[in-house]
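Working through the structure, step by step
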Amino acid sequence: MASAVPYDPYDDLDNNPFAEPHEDSEPVATNTDDSSYIAKEQTTSEGAAVVDRGNNTADISQEDSGREDRAAQSKTSNEQNSNNLSVQPPQNVILPERNDEKRKYSLLVKTTGLERFGSITGKKENPAIIFDCSTNLPTFRKQQYKNVKKSYEEFHQLFKYLNVAIQESFVPTLPPAYTTFGINSEEDRSKITRNFQLWFNRISQDPLIIRNEEVAFFIESDFNTYSPINKSKSLASGLKRKTLKQLAPPYDEVTELAEFRPLVKSIYVVSQNLQEKLLKVSRNRKMMVQEENAFGQDFVNLDEHNKLYKRYGRILTAVGDIDSIIATMDMATLYDGLEWVVRDAYVVKEALTNRHFVMRSLIQAQQNSKTKQEQARRFRSRRDINPMKIDEALRQLKMATKKEQVLTLKLQRITSNMIIERRQWINWYEEWIRNSIKQFTLRKIEYERKKLTLLERVRSDIRKADENGGLSRLGRNAVSVKSTDTSQTTKGDSWTGENNRKSQIPINKIAHTEFDDELVTEDDGSVSQEFDTASLNARHAASLLGMSNK
């Protein structure tokens, strides 16, 4: 984007439309006296301005004597201004907040708890976050704040204000207020607390955000009383914004940001598509679980005196319950992770759109400034000029030039800061989506292995049903006939031949499921062992099974 050219009223002909013509230029009018078109204003007793056109010939000699010195000074000033604006100012001038060498301001926040109160809807959508705060920012009244409690709605009010007020930054959007784990589970509490800690970390890394006084007002206000004190207005909203977004984006000479918006939009669209597909898979899995449970119950009722049918039917019912938990885990890990990506990508995309709006405004301001300058030049070519029109043309030209300078500096500031935050956002996105996929994979492996453990418990009964056939014909005589033996041991995995030794804790987590008590029959006379405390307990498993999906 071209830099704005400031207007100097004492500039030479190249920039001042009312300056005297050069010697080598063609004279426009026979009368070159300045007093012919520059009026002298005198204030009367009533305060009115009176134009004095008399005694102009007496001032010609004085005007001519100072014209040469004034022209030389104006030429030097014009060269300096052109050189200063042709090169973009350094970053420490455009973004002084990011170059605070003398004193480094910081904001440290530690999330300590989560509370849900009120009605069922309030508990789900408006939890209270408890945190401690330490800072050395001058906008705060003190440096330490303990047990600060803020509702999710208050966080949302702060985010809306910052997103509009700070156009230079990609303001991190809030994490979801609840997860698919269910609001009464410990997993939901720990995940929401961890996500808000990550949000505070992202906020603290942006010097433009932490220096905003609304952050101090937010933390220092009482619980459930905060609302933005300052007011900010969006560049465009509603129907106007939708209309402007239909236009082709202006030419962007900053390649990094020109390519960044299509990338963010692609992430936004692809993440939404993944969510839709994942939701459809989860719903279909829920329907399959109902059929699995019915199938297992039919096996139990097939022959009440047959131990094999009874055990196998209960195993199939438990496998169906495991599939239901897998469907919930898929939503709680990958779907919820993609939800934050979708929200954040939308905010970044709209912030880049706001930058396009500023670019369009700057182009219009440059065209307006050029038009006003050409209009002023036309006044110069006339023989008889109205002094009032001259003053109005000068005033409009100065206003247009000033607006152009303001928009130029604003665009330079937005561009410089977004280039920095572009790298930070990509790093956050890669790390967040990697952790979401990791949790999705680990939980899926865990419960698929639990499903395998359940099926292995009925393996010995199936082998005993046919002593001369079945699996013995496949050369699997080495397989243990004990119902307590599993393929997952501390020595490795007997199915894959893996020999990596593991500790007993993850083996217990896989070998014992939440449905062991339901599989114990009177004929077995065995007592189920206690499974690892890191796994879901039976009550939580039941809540997951009974919870409606998204």
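Preceding this section is the structure that the text describes.
Residues numbered from 1 in each chain as written. Predicted model: local features only at pLDDT ≥ 70, side-chain atom pairs only at ≥ 80, totals over all residues. Heavy atoms only, no water.

**Quick notes on the side chain of Thr193**
Stated formally: Counting from the N terminus, the helices are the DSSP runs of H or I reaching at least four residues and the strands are the DSSP runs of E reaching at least two. The classification of residues rests on relative accessible area computed with a 1.4 Å probe and restricted to protein chains. Under 20% of the type maximum is buried, over 50% is exposed, and intermediate values are partly exposed.
You can see Thr193 is positioned in helix α5 (residues 186–204). Residue classification places Thr193 among the buried residues on the basis of a relative accessible area of 14%.

**Remarks on the pattern of salt bridges**
What counts, and what does not: When a carboxyl oxygen of Asp or Glu is within 4 Å of a side-chain nitrogen of Lys or Arg, the pair counts as a salt bridge.
If you walk through the whole model with that rule in mind, you get 18 salt bridges. One salt bridge connects Arg285 with Asp323, and the closest N-O pair in it is separated by 3.9 Å. Residue Arg285 is found in helix α9 (residues 255–302), and its partner Asp323 is found in helix α10 (residues 307–380); the two are separated by 38 residues along the sequence. Measuring nitrogen to oxygen at the nearest pair gives 3.2 Å for the salt bridge that ties Asp330 to Lys444. Of this pair, Asp330 sits in helix α10 while Lys444 sits in helix α11 (residues 387–457), and the two are 114 residues apart along the sequence. Taken together, the shared-partner salt bridges in this structure form one network comprising Arg285, Asp323, Glu448 and Lys451.

**As for the packing of aromatic side chains**
To be explicit about the condition: For Phe, Tyr and Trp, rings pair up if their centres lie within 6.5 Å, where Trp contributes its six-membered ring, and each pair is then called stacked (planes under 30 degrees apart), edge-to-face (over 60) or tilted (otherwise). Ring-over charges, as used throughout, are those where CZ of Arg or NZ of Lys falls within 6 Å of the ring centre and within 35 degrees of the ring normal.
Enumeration over the complete set of coordinates arrives at 22 aromatic pairs. An angle of 70° between the planes, with centres 5.9 Å apart, marks the rings of Phe117 and Phe223 as edge-to-face. One end of the pair, Phe117, is in the loop between β3 (107–115) and α3 (120–125); the other, Phe223, is in the loop between α7 (213–220) and α8 (238–245), and 106 residues separate them in sequence. Residue class for Phe117 comes out partly exposed when judged on its relative accessible area of 31%. Measuring from ring centre to ring centre gives 5.1 Å for Phe155 and Phe218, while their planes differ by 65°; the resulting arrangement is edge-to-face. Linking Phe155 in helix α4 (residues 152–165) with Phe218 in helix α7, this pair joins segments that are 63 residues apart in sequence. In this structure, Phe155 and Phe218 share a single accessibility class: buried. Every member of this aromatic cluster is reached through a ring pair, and the members are Phe131, Tyr152, Phe155, Phe196, Trp199, Phe200, Phe218 and Tyr226. The ring of Phe218 carries the charged tip of Lys150 above its face, separated from the ring centre by 5.4 Å. The lysine or arginine in question, Arg202, covers the ring of Trp428, its NZ or CZ lying 3.9 Å from the ring centre.

**Here we look at empty space enclosed by the protein**
Put simply, the test is: With a 1 Å grid spanning the protein atoms alone, the term cavity applies to any set of points in which a 1.4 Å probe fits but cannot get out, the term pocket to an open set with protein on both sides within 12 Å along at least five of seven lines, and the term lining residue to any residue with an atom within 4 Å of a point. Grid points are joined across faces, edges and corners, and a volume is the space filled by probe spheres set on the points. Note that Gly is not counted as nonpolar here; it falls among the polar residues with everything else outside the nonpolar set of Ala, Val, Leu, Ile, Met, Phe, Trp, Tyr, Cys and Pro and the charged set of Asp, Glu, Lys and Arg.
The full count for this structure, using the stated rule, is four cavities of 30 Å³ or more. In this structure, the largest cavity spans a volume of roughly 80 Å³. Every residue lining the largest cavity is listed: Leu107, Val109, Leu158, Leu162, Trp199, Phe200, Ile203, Ser204, Val215, Phe218 and Ile219. Here the element with the most residues in the lining of the largest cavity is α5; it accounts for four residues. Split by residue class, the lining of the largest cavity holds ten nonpolar, one polar and no charged. One number sums up the size of the second largest cavity: a volume of about 60 Å³. In this structure, the second largest cavity is lined by Pro176, Tyr178, Thr179, Lys191, Ile192, Asn195, Asp336, Gly337, Trp340 and Trp432. Elements supplying a minimum of two residues to the lining of the second largest cavity: α5 and α10. Taken together, the residues that form the lining of the second largest cavity break down as five nonpolar, three polar and two charged.

These figures come from the coordinates and say nothing about function on their own.
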